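# An overview of the molecular structure
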Amino acid sequence: MVSITLDGVTKEYGSLTAVDDLSLTIEDGEFVSLVGPSGCGKTTTLRMVAGLETVTNGQIRFGDRTVTSAPVQQRGVALLFQDIALYPHMTVEENIAYPLKLAGVNGSDRHERVVETASLLQVEDQLEKYPGDLSGGQQQRVALGRSIIREPSLFLFDEPMSDLDAKLKHELRPLFAEITDQVGCPTLYVTHDQEEAMTMSDRIAVMNDGQLAQIDTPDEVYRRPDTQFVGEFVGRPAMEFFDVRIENGANGPELLAGENLTLAHNGLNGYDGDDLRVGIRPQHLRVTERHSGGIPATHVFDETLGDRTHSLFETPVGRVTVETPPDFRGGQTDYSIEIDVEKLSLYDPSSGVRIG
Amino acid sequence: MSDADSLGRSVRLSFRHRNRLYRVGLSASAVVLVVLLGFPLYWMAANAVRTRLGVQDGGLLPAPDAVTLEQFAVITDPTVGQYLINSTIVTVGVVLTVLAISLVSGYGLARFEFPHKIAVARFLLLGYMFSPIVLSIPLYLIWDRLGLLNSYLGLILALSAISMPFSVWLMWKYIQTIPESAEASAWVAGASRWRAFVDIVIPQTKPAMIANAIFAFAIAWGDFTFAYVLMPNNDATTFPAGLFRLLGSQWDASWAEFMAMSLMLTLPPLVFAFFLQSYLLQGFKIRAL
């Protein structure tokens, strides 16, 4: 087992740059999620690692071995596709055994290992059936079995759960985590679902427009998004952003949002008079009765979620969502919103890059 | 009902009557079709099992004492037998050639991008704009030069070319419906492109292969023009063209024997199409064709 390195990997389609100078290392046994909106280049990246797509520039290494131009057949990866891609004309047993058949393993050994793998995935009583007779969850398990039976050097997932319903996702997530843990090789999991990425990964790599926006532990990505994009993409409801101006007040630099809000903030010496964008999680905003200190807000709408409420407010800095207690009902009246200044993230308004 | 009457809808037929009318119309048109298409077949079959004298009687049903299977003994005639062997060899050859070429070129069209792909595929259909006789005369000259006249290979090539446009298009559209990820997962597992094609793609094209096989079978088995022009030797000719030769020759054959030969010529495609029709329909059902 080895680590996987992407070094300045670039993919161009004509004048379009799908993946731009991406560098990333997945340690042995590590589970890394590649997450981003559709068209951000995450699937292209995965296909380049698998060898299904050529690399325009840069290097891909499995351990010390450079595989940049090695064909897909020689990379020894396991790949789970979005559409499962079982062979409809083969039984479950033949499906799982196919990689072994290609490797020239003889019939009885094949059967033994298929049974072993199938019992690991709890599909050992489905071996005689055809994929069309299985439920969605069982099909996923069979596809998983087929991909792990040959002890891969790298595990790749291409949005395997995006077509499944929520209940099945919850059933499969721990299974995927458990199986990848047992196989023990590096794992690259591509998804557009930030919740999936957050719950399963050792580290999350957030991609936007072909570039790596941030790579860190789920916790760190959530608490300290490197860019405005990451803040909006990771975490639900999305981080709220508004523009402020910095002025040197009596107690050091202050942030001015709209006309009514003044926030004291340390560590911003030297930014006097500049414009700034601040981001804050809806969980770190608090609704109080209307008073002079907070942001004046008029309640618009409540989303009742049972264990909490997402409440939308109209404010001088734009519409803002606040996480409120489960029994909160706004009633379209006036409130003030208070900000937990410690939890603010500060961004450059033109580039969206984090400055504090 | 009373509501409908008060609203002035009584002039219309009730649903029950409309339904009955519809069914009567459907059955009537079915009867007309069956009679038009079926009677010649029946006439052929009925006369194939009569004695020579029975044929001359000409009743709708053969007289009981005039029924015989002896006309089918014509198959043992060396000339007729040779026609049948020729037809069988050519038909099997055409079906196999069409299957092989349509699979490979359908896969190529479905999975690879190359310049003017659509134009090339459309160009294939151009062959259907000419009647067989227009094509077969220049082919005769070319085959003559190449020494392919009177050879199985020559006729197989000509007939395969005629069935090819349809078969390639059908296979192209059919392979497009097979997800590429199924192949890709085989490549990841270590299969070469060819191996994945053979193991994963070909088995899944069964309905299209059967549709193509039936189509090629029908063209090859029923072909008259190409066989007549490209196989001028009596020994080399196939059943349909051979039958025509016998009609025009001084060969002493009765109508009953001709009917028996025609029936033998008709039965294989009927049986073939009857047992495989569900596959045939599946093959035709692909959208965008």
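Residues numbered from 1 in each chain as written. Chains lettered and ligands numbered in written order. Predicted model: local features only at pLDDT ≥ 70, side-chain atom pairs only at ≥ 80, totals over all residues. Heavy atoms only, no water.

## Examining the interface of chain B and chain A
Convention followed: Only heavy atoms matter for contacts: two residues are in contact if any of them lie within 4.5 Å across the pair. Simply put, the buried area is the total loss of 1.4 Å probe accessible area from both parts when two parts are fitted together. Salt bridge, as used here: a side-chain nitrogen of Lys or Arg that lies within 4 Å of a carboxyl oxygen of Asp or Glu. Polar contacts, as used here, are pairs of N or O atoms within 3.5 Å; protein pairs need one atom able to donate a hydrogen and one able to accept it. Residues neighboring in sequence count only if both atoms are side-chain atoms. Numbering goes from the N terminus for both helices and strands, where a helix is a DSSP run of H or I of at least four residues and a strand is a run of E of at least two. Gly counts as polar in this scheme, as do all residues outside two lists: the nonpolar Ala, Val, Leu, Ile, Met, Phe, Trp, Tyr, Cys and Pro, and the charged Asp, Glu, Lys and Arg.
Contacts between the two partners involve 18 residues from chain B and, on the opposite side, 19 residues from chain A. Regarding the contact of chain B and chain A, the summed buried area is about 1500 Å², with carbon and sulfur atoms giving 64% of it. Across the contact surface, chain B and chain A share 0 salt bridges. Counting every contact that joins chain B to chain A gives 8 residue pairs in polar contact (both at pLDDT 80 or more). Every element with two or more residues in the side of chain B that touches chain A is listed here: helix H8 (180-188) and helix H9 (193-204) of chain B. When residues in the side of chain B that touches chain A are grouped by element, the largest group, 7 residues, is from H8 of chain B. Looking at the side of chain B that touches chain A residue by residue, the classes come out as 10 nonpolar, 5 polar and 3 charged.

## Some details on the environment of Leu-312 of chain A
All names here are of chain A. With respect to the helices and strands, the residue Leu-312 is situated in strand S17 (residues 309-315). For the pair Leu-312 and Asp-133, spaced 179 residues apart in sequence, the C-alpha to C-alpha distance is 46 Å. With near-sequence residues (within four places) excluded, Leu-312 lies in contact with Thr-298, His-299, Val-300, Phe-301, Arg-319, Val-320 and Thr-321.

## So, the domain arrangement of chain B
Residues and elements named next belong to chain B. For the record, the criterion: Where each domain starts and ends follows an automatic or database-derived domain assignment.
Taken domain by domain, chain B consists of domain 1 (2-48) and domain 2 (72-284). The straight-line distance from the C-alpha centre of domain 1 to that of domain 2 is 38 Å. Across the boundary between the two partners, domain 1 contributes 5 residues, which contact 7 residues of domain 2. Of the roughly 530 Å² buried between domain 1 and domain 2 on both sides combined, carbon and sulfur atoms contribute 83%. When the buried surface of domain 1 facing domain 2 is broken down by residue, Met-44, Asn-47 and Ala-48 rank first, second and third, together holding 77% of it. There are 0 salt bridges connecting domain 1 and domain 2.

## Details of the domain arrangement of chain A
Residues and elements named next belong to chain A. Taken domain by domain, chain A holds domain 1 (4-233) and domain 2 (240-347). Summarising the inter-unit geometry, the C-alpha centres of domain 1 and domain 2 are found 40 Å apart. At the junction of the two partners, domain 1 supplies 9 residues and domain 2 supplies 6 residues. Approximately 630 Å² of surface area, both sides summed, lies buried where domain 1 meets domain 2, with 45% of it carried by carbon and sulfur atoms. On the domain 1 side of the contact with domain 2, Tyr-222, Pro-225 and Gln-228 bury the most area, a combined 72% of that side's loss. Applying the counting criterion to the domain 1 and domain 2 interface returns 3 residue pairs in polar contact (both at pLDDT 80 or more).

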